[in-house]
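Here is how the chains run, residue by residue.
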Amino acid sequence: MTTPLAEVLDGQHAADLRKAARALLKQPLLLARGRYADEFRLVRRHASELREWFDRNTGWSLQVDAEAARLRKIPGVPTDPTHPAREATRAASPFTRRRYVLLCLALAALERSEAQIALGRLADQIVLDAADPQLVGVGVEFTLDRRDERLDLAAVVRFLLSQGVLRRVAGDEEAYVSGAGDVLYDVERRVLAGLLAPRRGPSTVHAESFDDRLRELVAETALDSDELRFRALRWHLTRRLLDDPVLYYDELTDAELGYLTRQRGFLTARIAELTGLVPEVRAEGIAMVDPDDDLTDVRMPEQGTNGHITLLLAEHLAAATGSVTTERLAQRVRELADEHAGFWAKSAREPGMEGELVEQAVARLAALGLVSRTANGVAPRPALSRYAVGEAVVIEARTPGTTRMPAQRKASQP
């Protein structure tokens with residue numbers, strides 16, 4: 001029996017819409033040229049449906065023109081530090097406070113620049129802006145006198161290149177860092193204009209503390225009716241289900257938990273229909289599982305020495321009954337280094353490396369929602385139990401902009 005043409009077309013439409021939505025969740029800024037050109041065309045074709053879905057369910061606006069598509073995502077938890085911006089290189093080092101400051105100063109300088117700019121000229125402008133008394137008063141210092149400062153600037157520029165804000169015309173950042181040359185860039189103004197996604201301009205924020213300033217940047221309109229309050233709850237919970245590896249009930253307010261209890265089926269079904277993510281509901285929370293293991297920026301397990309260490313520490317923490325100090329984890333890494341000497345890289349077995357290896361592992365586990373940091377160390381979270389030694393349980397989780405937890409395996413395997 002042949003399938004009616006209308007059903008085939010409907011199925012293709014749904015598949016293309018899902019692919020477009022997943023592309024935006026994975027890469028909220030898509031350009032008409034380059035690596036994501038095919039995904040951009042899909043998003044542009046389905047822009048009206050995508051715009052309506054994200055506006056209704058998350059409050060994220062979608063802007064699409066002939067050159068770029070920008071999903072203006074706002075995280076469910078603005079203060080979550082587990083998914084920093086990273087330099088667009090193989091090392092993928094996370095941004096420090098200084099790099100974030102340099103990024104903001106670079107964006108301000110580029111907004112005032114011509115259609116092309118040299119890296120040296122950009123650096124000079126940043127140095128001038130960094131001398132602002134308010135920045136100096138909070139400890140910001142940038143003079144380009146040191147190599148590490150030039151390396152930080154190069155990392156920021158590579159990030160802007162990866163986002164399509166800049167396009168390299170000639171030169172190389174490494175040559176600039178070593179003082180052997182300069183680099184020329186085209187400035188893509190449309191992409192630059194859409195890069196930041198706050199609800200209000202940063203200059204209009206007057207709060208003093210860091211957390212309060214973040215909240216003001218993304219604050220919604222006044223919630224002066226039940227309809228607006230319910231909408232805000234729907235947006236917040238859908239954002240977290242899309243972005244967080246696990247939505248734990250104990251992280252929610254009473255109002256959020258009450259709304260989720262009543263609307264759980266509706267919320268998860270809407271997400272599943274658009275994205276293909278599958279809800280996994282447990283006593284402690286909900287994870288939207290990705291069968292394709294594609295909507296993630298942090299994976300576990302990873303291959304190599306660091307991946308093996310992370311799995312072994314996950315096994316160790318899963319057996320713990322409470323918080324474990326970082327000193328105890330470092331001691332455990334020293335023990336494991338002797339046990340697995342034949343499999344680990346030589347650098348990981350050198351004395352004094354334990355602290356760095358523990359930090360890398362804990363950062364990955366925290367990004368996956370498997371542990372939380374405490375004043376004295378690290379505490380396991382319920383989802384970590386899948387990494388306890390025992391029979392494998394096939395489970396995956398996490399989405400765009402953050403992380404999904406992959407299938408469990410025995411951590412003792414190198």
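In the block above lies the structure referred to throughout.
Residues numbered from 1 in each chain as written. Predicted model: local features only at pLDDT ≥ 70, side-chain atom pairs only at ≥ 80, totals over all residues. Heavy atoms only, no water.

Brief notes about the overall build of the protein chain
Argument step 1. When you go through the protein chain residue by residue, the secondary structure sums to 15 helices and 12 strands.
Argument step 2. Radius of gyration (C-alpha) of the protein chain: 23 Å, near the 22 Å computed for a compact globule of 414 residues.
Argument step 3. In terms of principal-axis extent, the alpha carbons of the protein chain reach across some 65 × 60 × 50 Å.
Argument step 4. In the protein chain, buried positions account for 45% of the 414 residues.
Argument step 5. Residue pairs at least 24 apart in sequence account for 61% of intrachain contacts in the protein chain once pairs closer than 6 positions are excluded.
Argument step 6. For the protein chain, the exposed area adds up to about 21,200 Å²; of that, 51% sits on carbon and sulfur atoms.
Argument step 7. The averaged location of the 62 negative side-chain charges in the protein chain is 2 Å from the averaged location of its 56 positive side-chain charges. (Helix = DSSP H or I, 4+ residues; strand = E, 2+ residues; numbered from the N terminus. Rg over C-alpha atoms; globule rule 2.2 N^0.38 Å. Buried < 20%, exposed > 50% of the residue type's maximum accessible area, 1.4 Å probe, protein only. Contact = heavy atoms within 4.5 Å. Areas by Shrake-Rupley, 256 points an atom, 1.4 Å probe, with all protein chains shown as cover. Lys, Arg positive; Asp, Glu negative; His and termini not counted. Charge placed at Lys NZ, Arg CZ, Asp CG, Glu CD.)

Thoughts on helix 13 (residues 304-318)
Argument step 1. Between its terminal C-alpha atoms helix 13 stretches 21 Å, which fits the 21 Å expected from 15 residues at 1.5 Å a residue.
Argument step 2. Of the residues making up helix 13, those classed as buried are Thr305, Gly307, His308, Ile309, Thr310, Leu311, Leu312, Leu313, Ala314 and Leu317.
Argument step 3. Its buried side turned inward, helix 13 meets strand 10 (324-325), helix 14 (326-339), helix 15 (354-367), strand 11 (371-373) and strand 12 (377-380). (Expected span 1.5 Å × (residues − 1).)

Observations concerning the sheet that holds strand 8 (residues 278-281)
Argument step 1. Read from one edge of the open sheet, 3 strands run 7-9-8, paired in antiparallel fashion. Among the strands making up the open sheet, the edge pair consists of strand 7 (247-248) and strand 8.
Argument step 2. Sitting on the sheet, helix 12 (residues 254-275) touches strand 7, strand 8 and strand 9 (285-289), and the angle it makes with strand 9 is about 5°. (Pairing = 2+ DSSP bridges. Axes fitted to C-alpha atoms, helices over the stretch in contact; angles between N-to-C directions.)

Things to note about the side chain of aspartate 186
Argument step 1. Take aspartate 186: it is sitting in strand 6 (residues 183-187).
Argument step 2. Within polar-contact distance, the side chain of aspartate 186 engages the side chain of glutamine 116 at 2.7 Å.
Argument step 3. Residues contacting aspartate 186, with those up to four places away along its chain left out, are Ala115, Gln116, Val165, Leu166, Arg167 and Val169. (Polar contact = N/O pair within 3.5 Å; in protein donor to acceptor, adjacent residues only side chain to side chain.)

Some remarks on the sheet that holds strand 2 (residues 61-64)
Argument step 1. Reading across from one edge, 1-3-2 is the order of the 3 strands in this open sheet, with antiparallel pairing throughout. Each edge of the open sheet is held by one strand with a lone partner, namely strand 1 (29-31) and strand 2. Here the strands of the sheet are splayed against their neighbours by 5° on average, with no regard to which way each runs.
Argument step 2. Direction of pairing for strand 2 relative to strand 3 (residues 68-72): antiparallel, over a ladder of 4 bridges. Counterpart to leucine 62 in the pairing with strand 3 is leucine 71.

Quick word on the environment of alanine 47
Argument step 1. Its place among the elements puts alanine 47 in helix 3 (residues 47-57).
Argument step 2. Using a relative accessible area of 10% as the deciding quantity, one classes alanine 47 as buried.
Argument step 3. Beyond its immediate chain neighbours, meaning those up to four positions away, alanine 47 contacts Leu62 and Val64.

Remarks on the packing of helix 11 (residues 226-243) against helix 12
Argument step 1. The geometry of helix 11 relative to helix 12 is characterised by a closest axis approach of 9 Å and an angle of 55° between their N-to-C directions. Classified by the interaxial angle, the pair formed by helix 11 and helix 12 is oblique. Like other packed secondary-structure pairs, helix 11 and helix 12 cross with a definite hand, here right-handed. Between helix 11 and helix 12, the contacting residues are Phe230, Leu233, Arg234, His236, Leu237, Thr238, Leu241 and Leu242 on the first element and Ala255, Glu256, Tyr259, Leu260, Arg262, Phe266, Leu267, Thr268, Ile271 and Thr275 on the second.
Argument step 2. Grouping the amino acids of the contact of helix 11 with helix 12 by side-chain chemistry returns 11 nonpolar, 4 polar and 3 charged. (Parallel < 35°, antiparallel > 145°, perpendicular 65-115°, else oblique. Left-handed = near helix turned anticlockwise from the far one by under 90°. Nonpolar A, V, L, I, M, F, W, Y, C, P; charged D, E, K, R; others polar.)

Thoughts on the nonpolar core
Argument step 1. Leu110, Leu153 and Leu160 are the most contacted members of the largest nonpolar core, which has 37 residues in total.
Argument step 2. The dominant element in this core, judged by the number of residues it contributes, is helix 4 (residues 97-112), at 8 residues.
Argument step 3. Those residues in contact with leucine 153, other than ones at most four positions away along the chain, are Leu102, Leu119, Ala123, Ile126, Phe142, Leu144 and Tyr176. (Core = buried A, V, L, I, M, F, W, Y, C linked by side-chain atoms within 4.5 Å.)

Digging into the packing of aromatic side chains
The description of an aromatic ring pair rests on the distance of the ring centres and on the angle between the ring planes.
Argument step 1. In the structure shown here, the tally under the stated rule is 5 aromatic pairs.
Argument step 2. Aromatic pair tryptophan 53 and phenylalanine 54: ring centres 5.3 Å apart, planes at 85°, arrangement edge-to-face.
Argument step 3. A relative accessible area of 0% places phenylalanine 54 in the buried class.
Argument step 4. When the ring of phenylalanine 95 is compared with that of tyrosine 100, the centres are 5.5 Å apart and the planes differ by 65°; the resulting orientation is edge-to-face.
Argument step 5. Residue phenylalanine 95 is classed as buried on the basis of its relative accessible area of 6%.
Argument step 6. What links up through ring pairs into an aromatic cluster is the set Trp53, Phe54 and Trp60. (Phe/Tyr/Trp six-rings, centres within 6.5 Å; stacked < 30°, edge-to-face > 60°.)

Digging into the pairing of strand 8
Argument step 1. Of the strand pairs in this sheet, strand 8 and strand 9 are connected by 4 bridges, and their pairing is antiparallel. Bridge pairing in strand 9 places valine 278 opposite valine 289.
Argument step 2. Hairpin connection of strand 8 to strand 9: 3 residues between the antiparallel strands.

Quick notes on the pattern of salt bridges
Argument step 1. Counting across every chain of the model gives 30 salt bridges.
Argument step 2. Note that arginine 386 is salt-bridged to glutamate 280, the shortest N-O span being 3.4 Å. With arginine 386 in the segment after strand 12 and glutamate 280 in strand 8, this pair connects stretches of sequence that are 106 residues apart.
Argument step 3. In this structure arginine 386 comes out as buried when scored by relative accessible area, which is 9%.
Argument step 4. Here the salt bridges share partners, and the residues they tie into one network are Arg98, Arg99, Arg146, Asp148, Glu149 and Asp152. (Salt bridge = Lys/Arg side-chain N within 4 Å of Asp/Glu carboxyl O.)

As for the packing of helix 1 (residues 5-26) against helix 2 (residues 37-45)
Each pair of packed helices can be described by the angle between their axes along with the distance between the axes.
Argument step 1. Contact pair helix 1 / helix 2: the axes reach a minimum separation of 9 Å and the direction vectors enclose 115°. Like other packed secondary-structure pairs, helix 1 and helix 2 cross with a definite hand, here left-handed. Seen from helix 1, the contacting residues are Asp16, Lys19, Ala20, Ala23 and Leu24; seen from helix 2, they are Glu39, Leu42, Val43 and Arg45.
Argument step 2. Across the contact of helix 1 with helix 2, the residue classes break down as 5 nonpolar, no polar and 4 charged.

These figures come from the coordinates and say nothing about function on their own.
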